[in-house]
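Structural overview
Chain by chain, the residues run as shown.
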Amino acid sequence: MPVSIINNYYCSQKFRFLKIDLESQTTYNCHAAKPHRIDFEWLASNPGQLFNTDVNVSERKMMLANERNSSCEQNCWPAEERGATSPRLIAKGEIRTLTEVITSPEIVDITLNSDCNLTCSYCCKEFSSSWRNDILKNGDYGIASEPDRYTKNNMDIVIARVSQQERFGLNRTQTILAEVKSMSANVKTIIISGGEPFLSRYLLDIVKDNSHAPRVQIFTGLGVDFKRFERIIDTLAEYKNIVLDVSGETTGALYEFNRYGAHWDEFARKLELLAKKNIRVELSSVMSNLTVVGFIDFYKQFRDYAYRIECVYNPNFLAPHILDQATKDQVIEQFTASDFPKRELVLSSLLSVPTLAEKQDLTQFLKEF
């Protein structure tokens with residue numbers, strides 16, 4: 001059973017993890033936390049301190065004083081209050097291992113841009129240009145509990161009109177990359193994410209610039225033309241520290257529904273090619289109520305891979321527990337009978353009873369999706 005947050009508001013991730021979104025020019029002091037916009041005026045006076053901004057230092061102090069941190073309200077605290085296993089607990093962040101409030105990150109996640117060919121069910125316009133373009137073309141989703149996630153704004157219109165080259169060439173983008181370089185000495189893992197990194201013309205440049213890191217981890221849905229995919233992995237195969245973190249949870253038609261724009265046969269074919277190239281692959285599976293129902297079939301086909309599991313808590317109406325009881329019972333039976341090593345993590349996410357508002361929001365989402 002998860003540790004109660006009432007007695008422990010500490011998380012080591014705040015002391016070791018930095019996610020940087022080059023497109024939105026924001027940072028996250030945990031992959032599950034809310035973002036903070038970069039203050040470039042402050043950064044000009046404090047070069048090399050992107051990880052030690054006033055807000056990051058303040059939040060670390062709060063955690064050391066066992067005070068509830070607002071940027072964690074998006075995922076971890078609500079999940080733990082329901083008895084589910086939050087991202088904090090998955091990372092064992094509740095164990096008090098780091099206490100220096102002025103520090104340097106061990107993990108740096110560089111989000112290149114939101115360019116992506118897929119419209120995955122649990123994703124949104126922030127991380128997928130296909131999602132954004134769909135909303136710009138077909139209109140808002142009208143979900144009251146998520147007024148920004150599925151609603152177009154002026155920034156969406158601007159980003160849709162600006163090229164990769166223009167975004168990457170911005171002085172502020174280069175300032176951020178200089179910050180990454182300045183903190184690289186102590187970094188153990190560089191993560192490259194998106195969008196779809198394989199669509200970025202700068203992916204291989206970022207890999208090369210960070211080739212000194214013990215581990216370079218690329219998060220990908222493999223949503224790219226097969227010929228382009230082959231060209232890129234031929235270069236990636238030259239680096240021994242590369243790990244591809246490939247997204248997938250379901251099979252066949254269910255896979256193509258949840259990862260709209262992708263093809264199941266091609267996904268399997270790409271995994272086979274990665275194996276032939278001896279590129280290390282780990283599978284990253286996002287457990288929502290739309291993916292958990294087909295996961296065990298996926299696991300049976302790819303049981304030999306290492307898995308990273310993350311349960312959806314934002315938006316709340318896609319959380320795994322929001323299922324009709326008959327389907328939930330079936331899923332629980334499947335996981336309980338399986339040998340999936342992380343089944344208890346998923347089972348804990350199914351405990352809560354869905355509210356009427358959650359059901360209504362899910363119904364509205366499915367109609368639009």
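Every chain's residues receive numbers from 1 upward, in the order its sequence appears when written. In view of the model being predicted, local features appear only for residues whose pLDDT reaches at least 70, and side-chain atom pairs are presented and counted only at 80 or more, with totals across whole chains, interfaces and linings using the full set of residues. Side-chain metrics in this entry use all non-hydrogen atoms of the structure; hydrogen atoms and water are not considered.

Attention now goes to the overall build of the protein chain. Helix and strand counts for the protein chain come out as 16 helices and 11 strands. In terms of overall dimensions, the protein chain is globule-like: its C-alpha atoms have a radius of gyration of 20 Å, near the 21 Å expected for 369 residues. Categorising residues by exposure relies on relative accessible area from a 1.4 Å probe, with only protein chains included: less than 20% of the type maximum marks a residue as buried, more than 50% marks it as exposed, and the intermediate range marks it as partly exposed. Across the 369 residues in the protein chain, those meeting the buried criterion constitute 55%. Here the analysis covers contacts within the protein chain between residues at least 6 apart in sequence; of these, 74% occur between residues at least 24 apart. None of His or the chain ends enter the tally, which takes Lys and Arg as positive and Asp and Glu as negative. Just so you know, the charge point we use is NZ for Lys, CZ for Arg, CG for Asp and CD for Glu. Treating the 43 positive side-chain charges of the protein chain as one cloud and the 48 negative ones as another, the clouds have centres 3 Å apart. In this description a helix means any DSSP run of H or I spanning at least four residues, a strand means any run of E spanning at least two, and both kinds are numbered starting from the N terminus. Our radius of gyration is a C-alpha quantity, and the globule rule it is checked against amounts to 2.2 Å times the number of residues to the power 0.38. The contact definition used throughout considers only heavy atoms, calling two residues in contact when any of these lie within 4.5 Å.

On to the pairing of strand β6 (residues 189-193), then. With 5 of its 5 residues buried, β6 lies for the most part within the structure. Where burial is concerned, the two faces of β6 agree: the one with T189, I191 and S193 and the one with I190 and I192 are both buried. A pair of strands is considered paired only if DSSP assigns at least 2 bridges between the two. With 5 bridges connecting them, strand β4 (residues 107-111) and β6 associate as parallel partners. Considered in β6, the bridge of V108 is made with I190.

Our next topic: unusual backbone geometry. Note that the residue after G194, namely G195, is joined by a cis bond; omega there is 20°. Among the secondary structure elements, G195 is positioned in the loop between β6 and α9 (203-209). With an omega of 5°, the peptide bond between N314 and P315 qualifies as cis. For P315, the location among the structural elements is in the loop between β11 (306-311) and α14 (325-337).

One side-chain nitrogen of Lys or Arg within 4 Å of one carboxyl oxygen of Asp or Glu is enough to make a salt bridge. Taken as a whole and assessed by the stated rule, the structure comprises 17 salt bridges. E282 is the salt-bridge partner of R215, the closest N and O atoms lying 3.1 Å from each other. Of the two residues, R215 sits in strand β7 (residues 215-220) while E282 sits in strand β10 (residues 280-287), which places them 67 residues apart along the sequence. An identical accessibility class is assigned to R215 and E282; each is buried. Among the charged side chains, a network of salt bridges with common partners joins E23, D115, R132 and R167.

Before going further, it helps to examine the pairing of β7. Look at any regular strand and the pattern is simple: side chains alternate between the two faces of the sheet. Burial of β7 is extensive: 6 of the 6 residues sit out of reach of the surface. Of the two faces of β7, the one lined by R215, Q217 and F219 and the one lined by V216, I218 and T220 are each fully buried. In this structure, β6 lies alongside β7, joined through 4 bridges in parallel fashion. The residue of β7 that forms the bridge with I192 is I218. Strand direction decides the pairing type here: β7 and strand β8 (residues 242-247), joined by 5 bridges, are parallel. Bridging across to β8, I218 finds its partner in L244. Orienting the strands away from the viewer, one traces the path from the first strand over the helix to the second; a clockwise path indicates a right-handed crossover. Following the backbone out of β7, through helix α10 (residues 226-236) and into the adjacent parallel β8, one traces a crossover that is right-handed.

With that settled, the discussion passes to the nonpolar core. For soluble globular proteins, the rule of thumb is that nonpolar side chains tend to be buried together. Among the nonpolar cores identified, the biggest contains 89 residues, and F198, L244, L274, F295 and F335 are the most heavily contacted of them. For L274, the contacting residues outside a window of four places in its chain are L222, F229, I233, L244, V246, I279 and V281. To qualify as a nonpolar core, a set must consist of buried Ala, Val, Leu, Ile, Met, Phe, Trp, Tyr and Cys residues joined through side-chain atoms within 4.5 Å. Counting 8 residues, the second largest nonpolar core, distinct from the first, contains Y9, Y10, M63 and W77.

Turning next to helix α5 (residues 129-138). Those residues of α5 lying buried are S129, S130, W131, R132 and I135. Those residues of α5 hidden inside the fold are in contact with β5 (119-120), α6 (154-161) and α16 (356-368). One or two positions beyond α5, positive phi appears at G139, with a value near 100°.

Turning our attention to the packing of α5 against α6. For helices, the axis comes from a line fit to the C-alpha atoms of the stretch in contact; other axes are also lines fit to C-alpha atoms, and the angle between any two N-to-C directions lies between 0 and 180 degrees. Relative orientation of the contacting elements α5 and α6 amounts to 120°, with a least axis distance of 10 Å. As for how α5 packs across α6, the hand of that crossing is left-handed. Listed contacts from α6 to R132, N133 and L136 of α5 are D156, I157, I159 and A160. When residues are sorted by character, Ala, Val, Leu, Ile, Met, Phe, Trp, Tyr, Cys and Pro go into the nonpolar class, Asp, Glu, Lys and Arg into the charged class, and all the rest, Gly among them, into the polar class. Here the contact of α5 with α6 is composed, by residue class, of 4 nonpolar, 1 polar and 2 charged. Crossing chirality is assigned from the near helix's rotation relative to the far helix, an anticlockwise turn below a right angle marking it left-handed and a clockwise turn marking it right-handed.

Side chains of L254, F257 and L366 sit close together on the surface and give an oily, nonpolar patch of about 220 Å² of accessible area. Considering the arrangement of structural elements, one finds L254 in helix α11 (residues 252-258). By definition, no residue in a patch forms a salt bridge, and every one has over 30% relative accessible area; like charges are joined within 9 Å, nonpolar side chains (Val, Leu, Ile, Met, Phe, Trp, Tyr) within 5 Å. Residue exposure ignores everything except the shown protein chains as possible cover, and the areas themselves are Shrake-Rupley values with a 1.4 Å probe.

A few words now on the state of the cysteines. For the purposes of this analysis, a disulfide is any pair of cysteine sulfur atoms at a distance within 2.5 Å. For the structure shown, the criterion picks out 0 disulfides. Counting only cysteine sulfurs, C76 is the nearest neighbor of C72, a cysteine outside any disulfide, at a range of 5.9 Å. Not part of a disulfide, C123 finds its nearest cysteine sulfur in C124, a span of 5.1 Å.

Spatially, β3-β2-β1-β4-β6-β7-β8-β10-β11 is the arrangement adopted by the 9 strands of the open sheet, whose pairing is mixed. This sheet does not close on itself; its edge strands, each paired only once, are β3 (36-37) and β11.

Here the focus is the environment of P105. The residue P105 is located in the loop between α4 (87-90) and β4 in this model. Separated by 55 residues in the primary sequence, P105 and L50 have C-alpha atoms spaced 10.0 Å apart. Every residue in contact with P105, bar those within four places of it in the chain, is listed here: R16, L18, F51, M183, N186 and V187.

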